[in-house]
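# Working through the structure, step by step
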2 protein chains.
Amino acid sequence: MVRGKIQMKRIENDASRQMSFSKRRNGLLKKAHELSVLCDAEVAVIVFSQRGRLYEFSSHEMPKTMDRYYRHAKQVQKGGSDTASMRTKIEFLEQSKRKLLGQCSLSSYSSTDELQDIASQLERSLSNVRARKAQLLSEQIHELNAKEGLLLEEHSGAKSCVQATHKQENETYSSLSSNSTSEQVGTELFIGLPEMQIV
Amino acid sequence: MVRGKIQMKRIENDASRQMSFSKRRNGLLKKAHELSVLCDAEVAVIVFSQRGRLYEFSSHEMPKTMDRYYRHAKQVQKGGSDTASMRTKIEFLEQSKRKLLGQCSLSSYSSTDELQDIASQLERSLSNVRARKAQLLSEQIHELNAKEGLLLEEHSGAKSCVQATHKQENETYSSLSSNSTSEQVGTELFIGLPEMQIV
DNA sequence: CCTTCTATATATAACCA
DNA sequence: TTGGTTATATATAGAAG
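Residues numbered from 1 in each chain as written. Chains lettered and ligands numbered in written order. Predicted model: local features only at pLDDT ≥ 70, side-chain atom pairs only at ≥ 80, totals over all residues. Heavy atoms only, no water.

Inspection of the entire model under this criterion finds four aromatic pairs over all chains. For the pair Phe21 of chain A and Tyr55 of chain A, a centre-to-centre distance of 5.8 Å together with 70 degrees between the ring planes defines the contact as edge-to-face. Here Phe21 of chain A, found in helix H1 (residues 14-39), pairs with Tyr55 of chain A, found in strand E2 (residues 54-58); they are 34 residues apart in sequence, far enough to count as distant. Phe21 of chain A sits in the buried class, given a relative accessible area of 4%. We note Arg25 of chain A situated over the ring of Tyr55 of chain A; from NZ or CZ to the ring centre the distance is 3.7 Å. Across from the ring centre of Phe48 of chain B, 4.0 Å away, lies the NZ or CZ of Arg68 of chain A, which sits over that ring. (Phe/Tyr/Trp six-rings, centres within 6.5 Å; stacked < 30°, edge-to-face > 60°. Helix = DSSP H or I, 4+ residues; strand = E, 2+ residues; numbered from the N terminus. Buried < 20%, exposed > 50% of the residue type's maximum accessible area, 1.4 Å probe, protein only. Lys NZ or Arg CZ within 6 Å of the ring centre and 35° of its normal.)

This part is about unusual backbone geometry. Even without a glycine there, the phi angle at Asp40 of chain A is positive, about 55 degrees. Relative to the elements of secondary structure, Asp40 of chain A occurs in the loop between H1 and strand E1 (42-48).

Relative to the elements of secondary structure, Asp67 of chain A occurs in helix H2 (residues 62-73). On the basis of relative accessible area, Asp67 of chain A is assigned to the buried category, the value being 1%. Among all residues touching Asp67 of chain A, those that are not within four sequence positions of it are Ala84, Arg87 and Thr88 of chain B. (Contact = heavy atoms within 4.5 Å.)

Turning our attention to the interface of chain B and chain A. Chain B puts 91 residues into the contact, and the matching count from chain A is 87 residues. Both sides together, the interface formed by chain B and chain A hides about 8400 Å², and carbon and sulfur atoms give 69% of it. Run the count over chain B and chain A and you get four salt bridges. Residues Arg10 of chain B and Asp40 of chain A are paired through a salt bridge, measuring 2.7 Å at the closest nitrogen-oxygen approach. Where chain B touches chain A, the interface holds 14 residue pairs in polar contact (both at pLDDT 80 or more). For the side of chain B that touches chain A, the secondary structure elements donating two or more residues are helix H1 (14-39), strand E1 (42-48), strand E2 (54-58), helix H2 (62-72), helix H3 (83-100) and helix H4 (112-156) of chain B. When residues in the side of chain B that touches chain A are grouped by element, the largest group, 20 residues, is from H4 of chain B. Looking at the side of chain B that touches chain A, its residues break down into 44 nonpolar, 24 polar and 23 charged. Bridge count between E1 of chain A and E1 of chain B: seven bridges; the pairing is antiparallel. (Buried area = accessible area lost by both parts, 1.4 Å probe. Salt bridge = Lys/Arg side-chain N within 4 Å of Asp/Glu carboxyl O. Polar contact = N/O pair within 3.5 Å; in protein donor to acceptor, adjacent residues only side chain to side chain. Nonpolar A, V, L, I, M, F, W, Y, C, P; charged D, E, K, R; others polar. Pairing = 2+ DSSP bridges.)

This is how it looks when you write it as structure tokens:
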């Protein structure tokens, strides 16, 4: 039984949120289907749960709807739009991806040198991705610190420090946009926090 | 006043269909927003009206959610040869490549979990690539052994050992197609060969 | 994770402005 | 097109299974 208007904010109780998600998700997908059938519209819905599970509906084909969206949202970039050059582009990108993921047949690699290049590139990529992860985590920590500051302030009654805290937060965010120090910042933050260790 | 259950088929009356579209479309977008807020989910909705007008909602960023969708549904692998699906494929592959190489803006990643996924994938890929490099080197060694055998044979006159060497080479290649043992095989092969050390 | 129950909240078809 | 009004259909929170 619904006891009152529900507040438009995250449901904090895990079980309730999960139950609500399950029901509302089904409701949303049903509504999407009804809209597409009744009104003859092209509809696509994508839902990712908190745990990363995917739920979707598409009245036509998801890639086609997405592509239509892209074409609508932004006039697609440069490069040949004929099937020939696009096919070439696709083949190149797919081969490039397979090589990066080590999914090629051995004969696809021209030499051990090429494999060495790819390995080196992967290591750099891994380093990039880890740095970005550290960045994201440090941003989250700064946010939490800022929130903590606000909470503490509520008890101390000192108001001048609020703006100072926010200012620092913004500066930190800006500086993290450059890659140079992010990894260091990231790792330093997690000394003594093994469960947050950056893998 | 709703006089009865609505039939789940296209509303034939133009005015009614248009009215229904307008109301249901708003309802759908609202529901999508509620789901994302209440249940902390990543939600994206795309609606094209019959006349081609676009209506959308996305809790995060549409391109980000679309990209996440593609990473999840690997269905892109196959697909049509029309420009629409090819363009989609290109978009997906390019974004996928940027993420693997850590070249995306930080905001392109939805969470540290996603970055963790990518990092794990990169580590597996690196392992694959190293294994393949080891394979290639081992094949080259087998070839050299075979050639050495042939050269020796020219002097000794014994011919049967050549085919034996080739047979073993093929078996090794087959077993390496599965990931489980390739790394181990690769490293074992190069014990005592420091200049060929696998990076 | 799913279903069912039931009281209530929401959505919406038809109508009107 | 857009925005109310109202009677009804649907959706769903909370509890239980």
